[in-house]
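Analysis of the macromolecular model
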Amino acid sequence: MKDDFDPRRVDAYALATQGRELQGSIALVRLSRLVDGLPEQASGDAGLAHWEVRGAIGRGTGKTGVIAGQPLLHLHVHAGLVLECQRCGAPFTHPVDAECTLQLVESEDDLDDELGAPQEDDENFAEDYPDKVVGSRHFDLLAQVEDELILNVPYVPRHEVCPGAQAGAGDASQEPAIERPSPFAVLEQLKRKP
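Note that this is a predicted model, so its numbers are computed, not measured. (Residues numbered from 1 in each chain as written. Predicted model: local features only at pLDDT ≥ 70, side-chain atom pairs only at ≥ 80, totals over all residues. Heavy atoms only, no water.)

**Details of the pattern of salt bridges**
Counted by the stated rule, this structure contains four salt bridges. The partner of Arg8 in a salt bridge is Asp140, with the nearest N and O atoms 3.6 Å apart. Of this pair, Arg8 sits in the segment before α1 (12-17) while Asp140 sits in the loop between β5 (131-134) and α3 (141-151), and the two are 132 residues apart along the sequence. On the accessibility criterion, Asp140 (25% relative accessible area) is partly exposed. The shortest N-O distance in the salt bridge between Asp147 and Arg33 comes to 2.8 Å. Here Asp147 is found in helix α3, whereas its partner Arg33 is found in helix α2 (residues 32-35), with 114 residues between them in sequence. Overall, the relative accessible area of 29% leaves Asp147 in the partly exposed class. Several salt bridges share partner residues, and in doing so they unite Arg33, Glu146 and Asp147 into one network. (Salt bridge = Lys/Arg side-chain N within 4 Å of Asp/Glu carboxyl O. Helix = DSSP H or I, 4+ residues; strand = E, 2+ residues; numbered from the N terminus. Buried < 20%, exposed > 50% of the residue type's maximum accessible area, 1.4 Å probe, protein only.)

Next up, the structure:
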C-alpha cells in the first residue's frame, strides 16, 4: 500500500477481501476522545500509538462467531498511556497491547443481527466473537484504534506498587502502631451512659 494513504479513509471491504495489511502510528495527543480527562501524554516515540490491521474473509462457523464469507479486520494496537494513579495521584505509564477482530457489516441494522451471536450458556461467552462495525469504502481506521485504546484504559488506574510505598511501609513498621478505638466500641460506651 502507498506510504501516503489516509488511515481515516480506507476501503475496508477491499482490505478484507484482498487480505491486505496496513500499519502506522499516531500521536496519542491527536486522539481527542482518548486523552480527554487524562494527564498530558508523553512526547516523541513514547507518545505514539502503533497499530497494524490485517484484512481477511471469515472461514469459520457460528460456533466460533465467524461465519464463512464475512469480511473481517484483525486489529492490533500497542501504546504507553500516561494515566494518573488513583491511590497516590502520581502519573504512570500503562502499557496497552490489545488485539481484536472486527466483523464488517453493511448497516447499523446488521449490528444487532443475532446470527452467530454468542449465547449466555456458551463456554467462552463473547470472548472470541468479533465486534461488529459498519464497514464502508471510506472507513476510519483511526477511530477503531482510538476505540480499542479507550476500552483498555483501566476503570481505576493505579500503580502495582506506588512510588515511596515500600519506604513508607518500612518506616511505619519501625514506629509503634497507634491503636484507635473501634467506632462500634465508642457507640457502645455512648449507649451505656445514663
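**As for the nonpolar core**
Counting residues in each nonpolar core, the largest one holds 34 residues, and the members touching the most others are Leu28, Trp51, Val53, Leu73, Leu104, Leu141 and Leu149. Only α1, β1 (21-27), α2, β2 (48-57), β3 (71-84), β4 (91-105) and α3 provide two or more residues apiece to this core. (Core = buried A, V, L, I, M, F, W, Y, C linked by side-chain atoms within 4.5 Å.)

**Some words on the sheet that holds β1**
Working definition: the strands of a sheet are paired by backbone hydrogen bonds and lie parallel or antiparallel to each other. With respect to topology, five strands assemble into an open sheet ordered β1-β2-β3-β4-β5, the strand pairing being mixed. Lying at the two open borders of the sheet, with one neighbouring strand each, are β1 and β5. Taking each pair of neighbouring strands and ignoring which way they run, the sheet shows an average axis angle of 30°. Two elements, β4 and β5, share four bridges in a ladder whose sense is parallel. Residue pairing across strands places Leu102 opposite Asp131, the latter belonging to β5. Sitting on the sheet, α3 touches β1, β2, β3, β4 and β5, and the angle it makes with β3 is about 55°. (Pairing = 2+ DSSP bridges. Axes fitted to C-alpha atoms, helices over the stretch in contact; angles between N-to-C directions. Contact = heavy atoms within 4.5 Å.)

**So, the confidence of the model for the chain**
A low pLDDT score tells you not to read the predicted coordinates there in detail. Residues with a pLDDT of 70 or more make up 71% of the chain, whose mean pLDDT is 82. Within the model, the stretch residues 116-122 combines pLDDT values under 50 with eleven contacts to residues more than four positions away or in other chains. A low-confidence stretch, residues 170-177 (pLDDT under 50), is modelled with zero contacts involving residues beyond four sequence positions or located in other chains. (pLDDT = per-residue confidence, 0-100.)

**Considering the environment of Leu73**
One can find Leu73 in strand β3. Between the alpha carbons of Leu73 and Gly58 there is a distance of 9.8 Å; along the sequence they are 15 residues apart. Leu73 has contacts with Ala12, Leu15, Ala16, Val53, Arg54, Gly55, Cys100, Thr101, Leu102, Leu104, Phe139 and Leu141, leaving out every residue within four places of it along the chain.

**Structural notes on α3**
When α3 is considered as a whole, its buried residues turn out to be Leu141, Leu142, Gln144, Val145, Glu146, Glu148 and Leu149. Among the structural elements, β1, α2, β2, β3, β4 and β5 are those in contact with the buried residues of α3. Its side-chain oxygen placed 3.1 Å from the backbone nitrogen of Leu142, Asp140 serves as the N-cap of α3. (Polar contact = N/O pair within 3.5 Å; in protein donor to acceptor, adjacent residues only side chain to side chain.)

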